[in-house]
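Commentary on secondary and tertiary structure
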Amino acid sequence: CWSHRWLQAMDNELPSLAAEARRLNDEDGFDMQALLRKNKERHQKRRERRLDRAVKRAARKAGSSFDETLFRQQKMEEQESDSSGSDSTCSTSSSESDSSSSSSS
C-alpha cells in the first residue's frame, strides 16, 4: 500500500529517515503488515460480493439452464488472467494514474 511504497522510497533516498520512521512505527505499535492484511481482506470481500451479484444476474438471465458452479469457475479464471500482471491489494483512494505509476517501480 502507500505506506509500503513510501517507506521503500525513503530507504532509497533517506535511509536514516526510513529507520526513524520504522522506530516510530514500532514505538506507536503501528503494524504495516496488519494494514496490508486488512486491505487484502477488504478487497477479497469486495471481489466476492461482486461475484455473487454477477451470479444472481446471470441466473436470472439464463433461467433454469444456469450452471452456477461453471459460471463461478469461469469468472475466477477470468479474474486470475486479468490480475496476473498487477497487485490490486495495494490500492489507495488516489487517482488511477498515481497508483499505476507507483506500481511500475
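Please refer to the structure placed before this passage.
In short, a report on the structure. (Residues numbered from 1 in each chain as written. Predicted model: local features only at pLDDT ≥ 70, side-chain atom pairs only at ≥ 80, totals over all residues. Heavy atoms only, no water.)

Here's the deal with a positive patch on the surface
A grouping of Lys38, Arg42, Lys45, Arg46, Arg49, Arg50, Arg53, Lys56, Arg57, Arg60 and Lys61 is seen on the molecular surface, where their side chains present a positively charged patch. Within the secondary structure, arginine 60 is located in helix 3 (residues 32–62). On the accessibility criterion, arginine 60 (64% relative accessible area) is exposed. (Patch = residues over 30% accessible without salt bridge, like charges linked within 9 Å, V, L, I, M, F, W, Y side chains within 5 Å. Areas by Shrake-Rupley, 256 points an atom, 1.4 Å probe, with all protein chains shown as cover. Salt bridge = Lys/Arg side-chain N within 4 Å of Asp/Glu carboxyl O. Lys, Arg positive; Asp, Glu negative; His and termini not counted. Charge placed at Lys NZ, Arg CZ, Asp CG, Glu CD. Helix = DSSP H or I, 4+ residues; strand = E, 2+ residues; numbered from the N terminus. Buried < 20%, exposed > 50% of the residue type's maximum accessible area, 1.4 Å probe, protein only.)

Description of the environment of histidine 4
With respect to the secondary-structure elements, histidine 4 resides in helix 1 (residues 2–13). For histidine 4, a relative accessible area of 19% translates into the label buried. Each C-alpha atom, one on histidine 4 and one on leucine 36, is 8.8 Å from the other, the two residues being 32 residues apart in sequence. Contacts of histidine 4, omitting those with residues within four sequence positions, involve Met32, Gln33 and Leu36. A distance of 3.5 Å separates the side chain of histidine 4 from the backbone oxygen of methionine 32, its partner in a polar contact. (Contact = heavy atoms within 4.5 Å. Polar contact = N/O pair within 3.5 Å; in protein donor to acceptor, adjacent residues only side chain to side chain.)

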